[in-house]
Amino acid sequence: MTAIKADIARQALEQLGVLAADEAPSAADQVRADAAVQSVHDDLYQREIADWSVEAVPDYATEGYATCAADILAPYFGLPPDPTRWRRGEGMVVRGAGARHDQYKPTPAEYF
């Protein structure tokens, strides 16, 4: 399964506590959150951590994307910075991507 940018943006707003689960974001908040998710994706893609589209983020990476996007969004909502938020989110994505890629690595041969 995959998630799209708008869903991850909404999750980031919920993580910050500025949006309730049954609430719809304002148009301005949605645009800002979408831009934050795009920024996260661009960073991870440039560093070759993400090899997927921002409109098809794997499930194992969505919470990490949302956490990183929340880090970008926090100042817009007057929330205090959390110096560990980005690293936590990035770590979630890297661990998930690493586990996915490890399953396709060849088994090294051992010669005696």
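On a predicted model such as this, the values are computed, not experimentally measured, just so you know. (Residues numbered from 1 in each chain as written. Predicted model: local features only at pLDDT ≥ 70, side-chain atom pairs only at ≥ 80, totals over all residues. Heavy atoms only, no water.)

## A few points about the overall build of the chain
Looking only at helices and strands, the chain has 4 helices and 2 strands in total. Secondary structure elements in the chain, listed N-terminal to C-terminal, are β-α-α-β-α-α. Across its three principal directions, the C-alpha atoms of the chain cover 65 × 30 × 25 Å. For the chain, restricting intrachain contacts to residue pairs at least 6 apart in sequence, the fraction spanning at least 24 positions comes to 68%. With the model as given, the accessible surface of the chain reaches about 6800 Å², and the carbon-plus-sulfur share is 55%. (Helix = DSSP H or I, 4+ residues; strand = E, 2+ residues; numbered from the N terminus. Contact = heavy atoms within 4.5 Å. Areas by Shrake-Rupley, 256 points an atom, 1.4 Å probe, with all protein chains shown as cover.)

## Re unusual backbone geometry
Of note, Glu-48 is a non-glycine position whose phi angle comes to about 60°, a positive value. Along the chain, Glu-48 falls in the loop between helix H2 (27–46) and strand E2 (57–58). For Glu-48, a relative accessible area of 72% corresponds to the exposed category. (Buried < 20%, exposed > 50% of the residue type's maximum accessible area, 1.4 Å probe, protein only.)

## With respect to the confidence of the model for the chain
Across the chain, the average pLDDT comes to 89, with 91% of residues at 70 or higher. The least confident element of the chain, judged by mean pLDDT, is helix H4 (residues 85–102) at 80; the most confident is H2 at 96. (pLDDT = per-residue confidence, 0-100.)

## Topic: the pattern of salt bridges
Enumeration over the complete set of coordinates arrives at 5 salt bridges. With a shortest N-O distance of 4.0 Å, Arg-85 and Asp-71 are connected by a salt bridge. In this pair, Arg-85 sits in helix H4 while Asp-71 sits in helix H3 (residues 59–73), placing the two residues 14 residues apart along the sequence. Here Arg-85 falls in the buried class, since its relative accessible area comes to 13%. Look at the salt bridges and you will find they share partners, linking Asp-43, Arg-47 and Glu-90 into a network. (Salt bridge = Lys/Arg side-chain N within 4 Å of Asp/Glu carboxyl O.)

## Considering the packing of H2 against H3
Following both chains from N to C, one finds H2 and H3 inclined at 120°, their axes separated by 9 Å at the closest point. Judged by the inter-axis angle, H2 sits oblique to H3. The interaxial crossing formed by H2 with H3 has right-handed handedness. Mapping the contact onto sequence places Arg-32, Ala-33, Ala-36, Val-37, Ser-39, Val-40, His-41 and Leu-44 in H2 and Tyr-65, Cys-68, Ala-69, Ile-72 and Leu-73 in H3. (Axes fitted to C-alpha atoms, helices over the stretch in contact; angles between N-to-C directions. Parallel < 35°, antiparallel > 145°, perpendicular 65-115°, else oblique. Left-handed = near helix turned anticlockwise from the far one by under 90°.)

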